[in-house]
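Take a look at the letters that make up each chain.
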Amino acid sequence: MAQTSSEQVTSGPVWRKRTTRQELALWLGWLVLIAFFIFCWQVMTKTTIWAFVYDAPRQALDIGSRMFPPRWEYLPNLLEPLWDTIAIATLGTLLALFMAVPVAFLAARNTTPSTRFVRPVALLIIVSSRSINSLIWALLLVAIIGPGVMAGIVAIAFRSIGFVSKLLYEAIEEIDAVQVEAVSATGASKAQIMDYAVVPQILPAFAGITVFRWDINIRESTVLGLVGAGGLGLRLQESLNVLAWPQVTLIFILILITVLVSEWVSAKVRHAII
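About the criteria used
Residues numbered from 1 in each chain as written. Predicted model: local features only at pLDDT ≥ 70, side-chain atom pairs only at ≥ 80, totals over all residues. Heavy atoms only, no water. Patch = residues over 30% accessible without salt bridge, like charges linked within 9 Å, V, L, I, M, F, W, Y side chains within 5 Å. Areas by Shrake-Rupley, 256 points an atom, 1.4 Å probe, with all protein chains shown as cover. Salt bridge = Lys/Arg side-chain N within 4 Å of Asp/Glu carboxyl O. Helix = DSSP H or I, 4+ residues; strand = E, 2+ residues; numbered from the N terminus. Buried < 20%, exposed > 50% of the residue type's maximum accessible area, 1.4 Å probe, protein only. Core = buried A, V, L, I, M, F, W, Y, C linked by side-chain atoms within 4.5 Å. Phe/Tyr/Trp six-rings, centres within 6.5 Å; stacked < 30°, edge-to-face > 60°. Polar contact = N/O pair within 3.5 Å; in protein donor to acceptor, adjacent residues only side chain to side chain. Contact = heavy atoms within 4.5 Å.

K.L.:
Would you explain a nonpolar patch on the surface in this entry?
P.N.:
A surface patch of nonpolar side chains, amounting to about 770 Å² of accessible area, comprises Ile34, Phe37, Ile38, Trp41, Trp50, Val53 and Tyr54. Where the nonpolar patch is concerned, the elements lending two or more residues are helix 2 (20-44) and helix 3 (50-66). In terms of residue count, the dominant contributor to the nonpolar patch is helix 2 (four residues). Here tryptophan 50 shows up in helix 3. Its relative accessible area of 36% is what places tryptophan 50 among the partly exposed residues.

Here's what the structure looks like:
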């Protein structure tokens, strides 16, 4: 009797993690992925001069040996560009907030005046801002406004609109509808509903988004000078043009310190808010 039970157990269906069709689909997916990788690799390396690639380690060691020690006496020349970099990030963030907040309210389903016409336009603005890098914005604005800090500020602002608007309109759509209904039941106007039911709920998120974006803009503004938009990037470009590698090292160190400080400030502020 025990032998019969054992035979029944062993002769039953064997458990498999995937069916045969799922296994074939998985292998086909891996095959397509590998083929796509090979195709992309061929496209990327079609014009590669491999002699330069093989010589790259030696060139990197040569340049690295010229970068040390940093030229510390060049530091006074970087204080004004450093201030310009911080000003570009700060003013660009503030300018973006003035434009991003209305766009966010127009994009949110529960605050937009029209989901058919107004909301798609607001979403188009958000996508357009996020799809263009700040360096490209800076290139365009340098050609329009001219080189300098103003082009950098506007470039940072245009780049930040999409980031701030997207996160903010998602926060608006996630607010507690009960509070909105409670204020509406008192006979409040739309402006009062916005002021007393919507805005208080999104203020913590708005503050966190603002500080987070400012932190990102500090990093992005350090390189805008490479295209003529002012800041430390301008001094970096000048040093690279004359092969002043010790100055490049000093600029890198200053950029690293600036980013670390901005990250620390951002983390402290977000922790205090949240």
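K.L.:
Help me out: how do you make sense of the nonpolar core in this one?
P.N.:
Generally speaking, soluble globular proteins have nonpolar side chains that are buried together. Core analysis: the biggest nonpolar cluster contains 22 residues, and Val164, Leu168, Tyr169, Ile172 and Ile202 have the highest contact counts within it. For this core, the elements supplying multiple residues, two or more each, are helix 4 (76-107), helix 5 (118-131), helix 7 (149-173) and helix 9 (190-221). In this structure, Leu236, Leu250, Leu254 and Val259 belong to the second largest nonpolar core, which totals 13 residues.

K.L.:
Teacher, can you tell me more about the packing of aromatic side chains here?
P.N.:
In this description, an aromatic ring pair is defined by two values, namely the gap between the centres and the angle between the planes. The final tally for this structure, using the stated rule, is two aromatic pairs. Measuring from centroid to centroid gives 5.1 Å for tryptophan 137 and phenylalanine 158, while their planes differ by 70°, and the two rings are edge-to-face. Highlighted residues: tryptophan 137 in helix 6 (residues 134-144) and phenylalanine 158 in helix 7, separated in sequence by 21 residues. Classification of tryptophan 137 as buried rests on a relative accessible area of 16%.

K.L.:
Before we go on, may I ask you to explain the side chain of serine 134 in this structure?
P.N.:
Examined against the element boundaries, serine 134 turns out to sit in helix 6. Looking at serine 134, the relative accessible area reads 2%, which means it is buried. A polar atom in the side chain of serine 134 sits 3.1 Å from the side chain of glutamate 220. Discounting chain neighbours no more than four positions away, the residues touching serine 134 are Ala155, Arg159, Glu220 and Leu224.

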